[in-house]
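The lines below spell out each chain.
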Amino acid sequence: MALLPTYCAQPKKLPSGGCEMSGATSNERQQLKVFELLAEQLQEHLRSTVDEETVHKIVDERIAQARLPRPIEIRQGETVVGRLDERPHAQFEQLLELVNEGHRNILMVGPAGCGKTTLAKSLAQALSLDFGFLSLSAGISETHLFGRTLPQADGSWQYKPSRFVEVYVKGGVFLLDEFDAADANVMVAINAALANGVLANPNGQIHERHAKCYVLAAANTWGRGGDHQYVGRNQLDAATLDRFVLSTMHIEYDTDLERDLVAAANLDGKGDELLEWVSGVRERITRSRLRRIASTRLVVNAAAAMKAGRDLSQVKARYFLDWSADEKAKVGE
Ligand SMILES: Nc1ncnc2c1ncn2[C@@H]1O[C@H](COP(=O)(O)OP(=O)(O)O)[C@@H](O)[C@H]1O
Ligand SMILES: [Mg+2]
């Protein structure tokens, strides 16, 4: 039976109450518009008794609350299988759709800091499953993936499973991160585990894949070698990519989520300035094909810095610290 997300309003925080389906984001925007109109009227009405700054503060707080992510319940028929307290990436539903199609191997391709790792964690939380993670960067061998045999005090050798094997056997969501940075030999070993429903540990012992073992892979490239941005990435072989045929997603920056995260930081009107700057830099990085990134992580960290009292020019100074004059000129700085 298909897994379906239900968006539940937080009654205390959202004026409309009740439960709604996925139109949540546009509803939130309508509510915001109402808040903004209300703010204007309030300001007129209270001008004589409350100063403008206080009104702004009250309204900003209300807006920030209204934009807070709402919990999402994941239902299978009538049964609630899990609940997400944080607002997931906009493409979470697309991920859930692939799960509903029966895919157990899913590849997410997207720029650094767009939310791939968080999406994998959200899936584990939404399905109430264990979460495991391994970055396949240089130095990772088959041992990290499939466990190893260790000497015991009595002189015997005992197999110690890895997290991957644990999740493979007991069920859960396992993220193979930096998938396009993996060593070719490791990939060959992964291929077999992903395709066959069984894996052999270094002792030759066979482990069967749990029905609820979801292997997610995250990469910055399409597995066809490095590009101008991610130069050192490996080419994945056709057999590896075939494990993800029709279950590969392109993940983009979720600008609505970024707007919500900034609104929640309550930056006294400076949030828009920040978002506008990031969006401009992002656009120019792409246009000029610069090897730079303006990620959701940048938005989150900039909002935290500004909340702690830094202003946007200080954030920019830190962000552009190692940029050349030419690069800066290309993004209009
Ligand atoms: N759903 C979310 N809710 C809150 N913050 C998020 C969410 N998704 C991403 N982020 C923020 O963006 C940053 C980058 O996300 P991450 O999942 O690590 O991206 P990636 O794996 O693509 O590099 C995180 O550190 C987090 O601060
Ligand atoms: Mg990541």
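### With respect to the overall build of the protein
For the protein, the helix and strand inventory stands at 13 helices and 13 strands. A total of 333 residues make up the protein; the buried ones form 28% of that total. For the protein, contacts bridging at least 24 residues in sequence account for 71% of all contacts bridging at least 6.

### Describing helix α4 (residues 116-126)
By the burial criterion, the buried members of α4 are Lys116, Leu119, Ala120, Ser122, Leu123, Ala124 and Ala126. Positive phi appears at Ser128, one or two residues downstream of α4, with a value of about 55°.

### What to know about unusual backbone geometry
Positive phi, normally seen in glycine, also occurs at Asp268, with a value near 50°. In this structure, Asp268 sits in the loop between α9 (255-265) and α10 (271-287). Judged by the 12 C-beta atoms lying within 10 Å of it, Asp268 falls in the exposed class.

### Focus on the site of ligand 1
Close to ligand 1 lie 18 residues; Gly115, Lys116, Thr117, Thr118 and Thr296 are nearest. Those elements giving two or more residues to the shell around ligand 1 turn out to be α4, α9 and α11 (296-307). The residue makeup of the shell around ligand 1, split by class, is seven nonpolar, seven polar and four charged. When residues of the shell around ligand 1 are assigned to domains, at least three map to each of domain 2 (89-250) and domain 3 (253-333).

### Some details on the pairing of strand β3 (residues 72-76)
Here β3 runs beside strand β4 (residues 79-84); their pairing, made up of five bridges, is antiparallel. Opposite Ile72, over in β4, you have Leu84 as the bridge partner. Hairpin remark: β3 followed by β4, antiparallel, with two residues in the connecting loop; positive phi at Gly77, about 65°.

### Topic: the environment of Leu96
By the element assignment, Leu96 lies in helix α3 (residues 92-100). Non-local contacts of Leu96, meaning those with residues more than four positions away in its chain, are made with Leu3 and Pro5.

### Some details on the sheet that holds strand β9 (residues 172-177)
Each strand in a sheet pairs with another by means of backbone hydrogen bonds, the pair being arranged parallel or else antiparallel. Read from one edge of the open sheet, five strands run β6-β9-β12-β5-β13, paired in parallel fashion. Each edge of the open sheet is held by one strand with a lone partner, namely β6 (131-135) and β13 (248-250). Adjacent strand axes in the sheet meet at a mean angle of 20°, parallel and antiparallel pairs treated alike. Note: β6 against β9, five bridges, orientation parallel. Counterpart to Phe131 in the pairing with β9 is Val173.

Criteria and thresholds
Once a new chain begins, its residue numbering starts again from 1 and follows that chain's sequence as written. For this description, chains carry letters from A and ligands carry numbers from 1, given in the order in which they are written. In view of the model being predicted, local features appear only for residues whose pLDDT reaches at least 70, and side-chain atom pairs are presented and counted only at 80 or more, with totals across whole chains, interfaces and linings using the full set of residues. Secondary structure elements are taken from DSSP: a helix is a run of H or I of four residues or more, a strand is a run of E of two residues or more, and numbering for both begins at the N terminus. Working definition of burial: number of other C-beta atoms within 10 Å of the residue's own, with buried at 20 or more, exposed at 12 or fewer, and partly exposed in between, all C-beta atoms being placed from the backbone. C-beta atoms are first placed from the backbone for all residues, and any pair lying within 7 Å is then listed as a contact. Here, nearness means that the C-beta atom of a residue, built from backbone geometry, sits within 6 Å of the molecule or strand in question. Any residue that is not Ala, Val, Leu, Ile, Met, Phe, Trp, Tyr, Cys, Pro, Asp, Glu, Lys or Arg is counted as polar, Gly included; the first ten are nonpolar and the last four charged. An automatic or database domain assignment provides the domain bounds reported here. Here, any two strands with at least 2 DSSP bridges between them count as paired. To obtain each axis, a line is fitted to C-alpha atoms, and for helices this fit is confined to the stretch in contact; angles are then taken between N-to-C directions over 0 to 180 degrees.

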